[in-house]
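Next come the chains, spelled out residue by residue.
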Amino acid sequence: MNHENFSTLELLRKQFKYPFPTLKNPNAEQLQEITESQWIDGEYLWLYAQNPDLRKKYKKTKTAHIAAQWFPTASPERFKPICRLMLWTLYNDDLYEESDPNEIGYVHAQSVAILNGEITAEESGIPLGAMLASLREELLQFIPKESLSRFTQMISRYFNGLETELKYKKNKMYPSVKECITLREDSICLYPFLQLTEVETGVVLPPEIHEHPVIQRLQALACHLVTFFNEVQSVIKDEATDSIYYNIVKVIQHQNQMSLKEACLEDLRLHNEDLKEFLELQASLPDFGIWHDAVVNWVHYMSMVLSGWKNISTKLDRYNQAEFPSAVELKEKLNQKQS
């Protein structure tokens with residue numbers, strides 16, 4: 001496919017700009033070692049035991065280093081469940097991006113039930129059940145059940161988005177740009193991570209703050225911004241894996257019958273509109289009384305996710321080369337598990 005000598009990576013590096021600090025957790029390497037030796041080659045080895053090349057690809061994705069940009073000040077103990085979640089999102093995305101939309105409902109229900117403590121990993125019968133059970137235990141060391149419940153609701157939103165994506169892919173149909181932004185807001189799986197700022201800071205905000213429209217809007221905008229960035233970054237990968245039906249750039253291109261470059265520039269325009277709104281809201285937060293400083297801090301942490309994602313992801317092979325598992329490999333793995 002001819003991409004008119006247009007470099008998506010150059011566009012990302014030069015045009016997507018964030019006026020936020022970029023910090024990195026000093027425990028990244030320690031947790032990357034745990035990710036690779038204890039998880040990828042240990043607890044979860046059975047997933048890809050016969051496929052060392054695929055395990056190598058997961059290691060190259062450097063999930064702990066991604067998490068380190070999003071949670072720059074978490075202690076090693078508090079950072080660990082965040083890194084486990086980061087690996088889970090990768091495994092889950094790759095395991096189910098080739099699934100039938102009808103199958104994902106079961107995985108969704110079982111995943112939520114594990115996180116809610118309603119069933120054990122063994123009872124769930126899903127490949128990543130044990131991973132979620134460990135995550136629940138680790139998170140409950142640092143946050144109350146109410147916070148875990150909100151986190152679980154956000155995981156549920158992610159599955160809703162994933163299911164909608166699979167329907168478009170199965171039917172080879174494009175949503176409208178607006179519909180696509182809404183579904184990607186959920187499927188990008190940033191909402192769960194934003195809830196875990198409480199794990200990092202140790203400050204648990206009351207429900208009325210989480211329910212405040214300004215706070216909800218800031219989170220939605222953060223999800224949009226990461227998505228707009230991500231769509232440009234993964235557009236070549238998505239063309240290769242037939243995932244074009246829910247990539248915002250491809251949806252814009254399809255809807256407006258324009259070149260890839262023009263569609264990427266329209267995606268950038270939408271990104272910059274949302275970034276402007278994020279900055280305006282951040283600069284004029286309502287008064288949250290005794291919680292005000294904690295809310296300002298949370299929004300500050302939210303903003304570092306945006307600059308951090310740009311900083312780490314433009315260096316990752318997963319998005320910039322053919323360093324992603326082939327759909328066929330993943331489909332076979334899933335079929336083995338289910339048979």
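Look up: the structure comes first, before these words.
The model shown is predicted, which means the values in this text are computed figures rather than measured ones.

## Here's the deal with the environment of Arg 157
Here's step 1: By the secondary structure assignment, Arg 157 is in helix H9 (residues 145-171).
Here's step 2: Residue classification places Arg 157 among the partly exposed residues on the basis of a relative accessible area of 29%.
Here's step 3: Here the alpha-carbon distance between Arg 157 and Val 296, two residues 139 residues apart in the chain, equals 25 Å.
Here's step 4: Leaving out residues up to four positions away in the same chain, Arg 157 has contacts with Glu 185, Asp 186 and Tyr 191.

## Thoughts on the packing of helix H1 (residues 8-15) against helix H14 (residues 213-240)
Relative placement of two packed helices is described by the angle separating their axes and the distance separating the axes.
Here's step 1: Orientation of H1 relative to H14, taken along the N-to-C sense of each, is 160 degrees, at an axis distance of 9 Å. Classified by the angle their axes make, H1 and H14 are roughly antiparallel. By crossing handedness, the relation of H1 to H14 is classed as left-handed. Where H1 approaches H14, its residues Thr 8, Leu 11 and Leu 12 are matched on the opposing element by Phe 229, Val 232, Gln 233 and Val 235.

## Some details on the nonpolar core
Here's step 1: Membership of the largest hydrophobic core comes to 103 residues, with the highest contact counts inside it found for Tyr 91 and Leu 190.
Here's step 2: Looking at which element gives the most residues to this core, the answer is H14, with 13 residues.
Here's step 3: The residues contacting Tyr 91, other than those within four sequence positions of it, are Ile 40, Tyr 44, Leu 47, Tyr 48, Tyr 58, Leu 128 and Met 131.
Here's step 4: Counting residues in hydrophobic clusters, the runner-up holds five residues, among them Tyr 168, Leu 183, Ile 244 and Tyr 245.

## Re the packing of aromatic side chains
Between two aromatic rings, the relevant description is the distance of the centres plus the angle of the planes.
Here's step 1: Overall, the coordinates contain 12 aromatic pairs when judged by the stated rule.
Here's step 2: Ring geometry for Phe 20 against Phe 278: centres 5.8 Å apart, planes inclined by 75 degrees, an arrangement best described as edge-to-face. On the criterion of sequence distance, the pair formed by Phe 20 in the loop between H1 and helix H2 (28-43) and Phe 278 in helix H16 (residues 260-283) is long-range, its members being 258 residues apart.
Here's step 3: In this structure Phe 278 comes out as buried when scored by relative accessible area, which is 0%.

## Some remarks on the environment of Glu 146
Here's step 1: Along the polypeptide, Glu 146 turns up in helix H9.
Here's step 2: Given the relative accessible area of 53%, Glu 146 is considered exposed.

## Topic: the packing of helix H6 (residues 101-115) against helix H8 (residues 129-139)
Here's step 1: As a packed pair, H6 and H8 sit with axes 8 Å apart at the nearest point and diverge in direction by 30 degrees. With respect to H8, the axis of H6 lies roughly parallel. Of the two elements, H6 crosses H8, and the hand of that crossing is right-handed. Only Gly 129, Leu 132, Ala 133, Leu 135 and Arg 136 of H8 make contact with H6, whose side of the interface consists of Ser 111, Ile 114 and Leu 115.

## Observations concerning H6
Here's step 1: For H6, built from 15 residues, the straight-helix expectation of 21 Å at 1.5 Å per residue is met to within 8% by its first-to-last C-alpha distance of 22 Å.
Here's step 2: Among the residues of H6, those classed as buried are Pro 101, Ile 104, Val 107, His 108, Gln 110, Ser 111, Val 112, Ala 113, Ile 114 and Leu 115.
Here's step 3: Here the buried face of H6 lies against helix H5 (76-96), helix H7 (121-124), H8 and H9.
Here's step 4: Looking at where H6 begins, the residue whose side-chain oxygen comes 2.8 Å from the main-chain nitrogen of Asn 102 is Asp 100.
Here's step 5: Of the residues flanking the end of H6, it is Gly 117, one or two places downstream, whose phi is positive at about 75 degrees.

## Things to note about the pattern of salt bridges
Side chains that differ in charge, positive against negative, can pair when their charged atoms come close.
Here's step 1: Evaluated as defined, the whole model comprises 19 salt bridges.
Here's step 2: Glu 231 is the partner of Arg 184 in a salt bridge, and the nearest nitrogen-oxygen pair spans 2.8 Å. In this pair, Arg 184 is assigned in helix H10 (residues 177-187) and Glu 231 in helix H14, connecting sequence segments 47 residues apart.
Here's step 3: Assessed through its relative accessible area of 9%, Arg 184 is described here as buried.
Here's step 4: Judged by its relative accessible area of 0%, Glu 231 falls in the buried class.
Here's step 5: Between Glu 280 and Lys 276 there is a salt bridge; the shortest N-O distance is 3.2 Å. Highlighted residues: Glu 280 and Lys 276, both in helix H16, separated by four residues, approximately one helical turn.
Here's step 6: Judged by relative accessible area, Lys 276 falls into the exposed class, the value being 52%.

## So, the environment of Thr 152
Here's step 1: If you trace the backbone, Thr 152 turns up in helix H9.
Here's step 2: Between the C-alpha atom of Thr 152 and that of Glu 138, which follows or precedes it by 14 residues, the distance is 14 Å.
Here's step 3: For Thr 152, the contacting residues outside a window of four places in its chain are Val 112, Leu 115 and Asn 116.

## Thoughts on the side chain of His 224
Here's step 1: By the element assignment, His 224 lies in helix H14.
Here's step 2: By relative accessible area, which is 9% here, His 224 ends up buried.
Here's step 3: Leave out the neighbours within four places in its chain, and His 224 touches Ile 181, Glu 185, Arg 217 and Asp 274.

Reading the values: rules and limits
Residues numbered from 1 in each chain as written. Predicted model: local features only at pLDDT ≥ 70, side-chain atom pairs only at ≥ 80, totals over all residues. Heavy atoms only, no water. Helix = DSSP H or I, 4+ residues; strand = E, 2+ residues; numbered from the N terminus. Buried < 20%, exposed > 50% of the residue type's maximum accessible area, 1.4 Å probe, protein only. Contact = heavy atoms within 4.5 Å. Axes fitted to C-alpha atoms, helices over the stretch in contact; angles between N-to-C directions. Parallel < 35°, antiparallel > 145°, perpendicular 65-115°, else oblique. Left-handed = near helix turned anticlockwise from the far one by under 90°. Core = buried A, V, L, I, M, F, W, Y, C linked by side-chain atoms within 4.5 Å. Phe/Tyr/Trp six-rings, centres within 6.5 Å; stacked < 30°, edge-to-face > 60°. Expected span 1.5 Å × (residues − 1). Polar contact = N/O pair within 3.5 Å; in protein donor to acceptor, adjacent residues only side chain to side chain. Salt bridge = Lys/Arg side-chain N within 4 Å of Asp/Glu carboxyl O.

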